[in-house]
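Residues per chain are reported as follows:
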Amino acid sequence: MPRGQGNTLGAALNSLLAAFGVKPKGRLASYRARTWHARLVHLTQTHRGYAALEEAGLHVTHATLMKWLADDEYNVRRSYRDVIARAYEAAATTPPDPVPQAFKDHQFEIRGVVRTGDDERDRGAGGSAPLRIDGRNGHWTSIEGMWREGELSDAAFEDDFIDFVICDDIGEGTDGWDFPGGRYVIT
């Protein structure tokens, strides 16, 4: 059974997502060029690079492209250098795996300090049941969007999980949900 743990609920959620075997947005190690010329040379060596240039909007003649490739001191307009930089970053970036349906349908059991209103308990310890959340009742759109963009920080994951999964499953709680503990385990 997958398991996540961390010093915050968000860190434990990100750990659990990783335990499901999904890869986040990444960067190809071979993309290290700094200058516009080195980036253009790199891009024109692969089909992926040409596609990125086209998608970024670089529309120049073959002759112009050959001049640029032949002379690293060619006076290329700033707007073209910006297009080359955008294309380079797009080609260097690997998309994340999608958040699996099994994760969104997961029956989350959260162990750690949970507070709602005046009720604060160490859930899953000392005879207290873990906080059980049915992921099928959640709305995952915001979380999936941040994941796709590589912006699913621990804090953002925690906030949106509370707002769109916990509250959608069991409600707002007495006075909202807070996870002030220093260690969380989610199965």
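See the structure printed just above.
What counts, and at which threshold
Residues numbered from 1 in each chain as written. Predicted model: local features only at pLDDT ≥ 70, side-chain atom pairs only at ≥ 80, totals over all residues. Heavy atoms only, no water. Helix = DSSP H or I, 4+ residues; strand = E, 2+ residues; numbered from the N terminus. Buried < 20%, exposed > 50% of the residue type's maximum accessible area, 1.4 Å probe, protein only. Contact = heavy atoms within 4.5 Å. Lys, Arg positive; Asp, Glu negative; His and termini not counted. Charge placed at Lys NZ, Arg CZ, Asp CG, Glu CD. Axes fitted to C-alpha atoms, helices over the stretch in contact; angles between N-to-C directions. Parallel < 35°, antiparallel > 145°, perpendicular 65-115°, else oblique. Nonpolar A, V, L, I, M, F, W, Y, C, P; charged D, E, K, R; others polar. Pairing = 2+ DSSP bridges. Expected span 1.5 Å × (residues − 1). Arc of directions from axis to C-beta.

Asker: Please clarify how the overall build of the protein should be interpreted in this entry.
Answerer: Across its full length, the protein carries eight helices and seven strands. In the protein, which comprises 187 residues, the proportion classed as buried is 40%. Expressed as a percentage of contacts within the protein between residues at least 6 apart in sequence, the contacts between residues at least 24 apart total 72%. Here the protein carries 22 positive and 28 negative side-chain charges, and the mean point of each set is 9 Å from the other.

Asker: Looking at this structure, I do not really get the packing of helix α1 (residues 9-19) against helix α8 (residues 154-170). What am I missing?
Answerer: Two measures define how a pair of helices packs: the angle their axes make with one another and the distance between the axes. Packing of α1 against α8 brings their axes to within 7 Å, and their N-to-C directions diverge by 95°. When the axes of α1 and α8 are compared, the pair comes out roughly perpendicular. For the pair α1 and α8, the contacting residues are L9, G10, A11, L13, N14 and L17 in the first and D154, F157, E158 and F161 in the second. Its residues assigned to classes, the contact of α1 with α8 comprises six nonpolar, two polar and two charged.

Asker: Looking at this model, I keep getting lost on the pairing of strand β4 (residues 107-116). Mind explaining?
Answerer: On a regular strand, each side chain points to the face opposite its neighbour's, so the side chains alternate between the two faces of the sheet. Relative to strand β6 (residues 131-134), β4 runs antiparallel, the two sharing four bridges. Pairing of Q107 across the sheet is with D134, part of β6. Across two bridges, β4 lies against strand β7 (residues 184-186) in antiparallel orientation. Bridge pairing links R111 to V185 in β7. Across five bridges, the pairing between β4 and strand β5 (residues 119-123) is antiparallel. Across the sheet, the residue bridging to R115 is E120, located in β5. Hairpin remark: β4 followed by β5, antiparallel, with two residues in the connecting loop; positive phi at G117, about 65°.

Asker: Can you help me understand helix α5 (residues 78-92) in this one?
Answerer: For the α-helix, the turn length of 3.6 residues means that residues three or four positions removed from each other point alike. For α5, built from 15 residues, the straight-helix expectation of 21 Å at 1.5 Å per residue is met to within 8% by its first-to-last C-alpha distance of 21 Å. Those residues of α5 lying buried are V83, I84, A87, Y88, A91 and A92. Buried residues of α5 fall within an arc of 165° about the axis and therefore sit on the same side.

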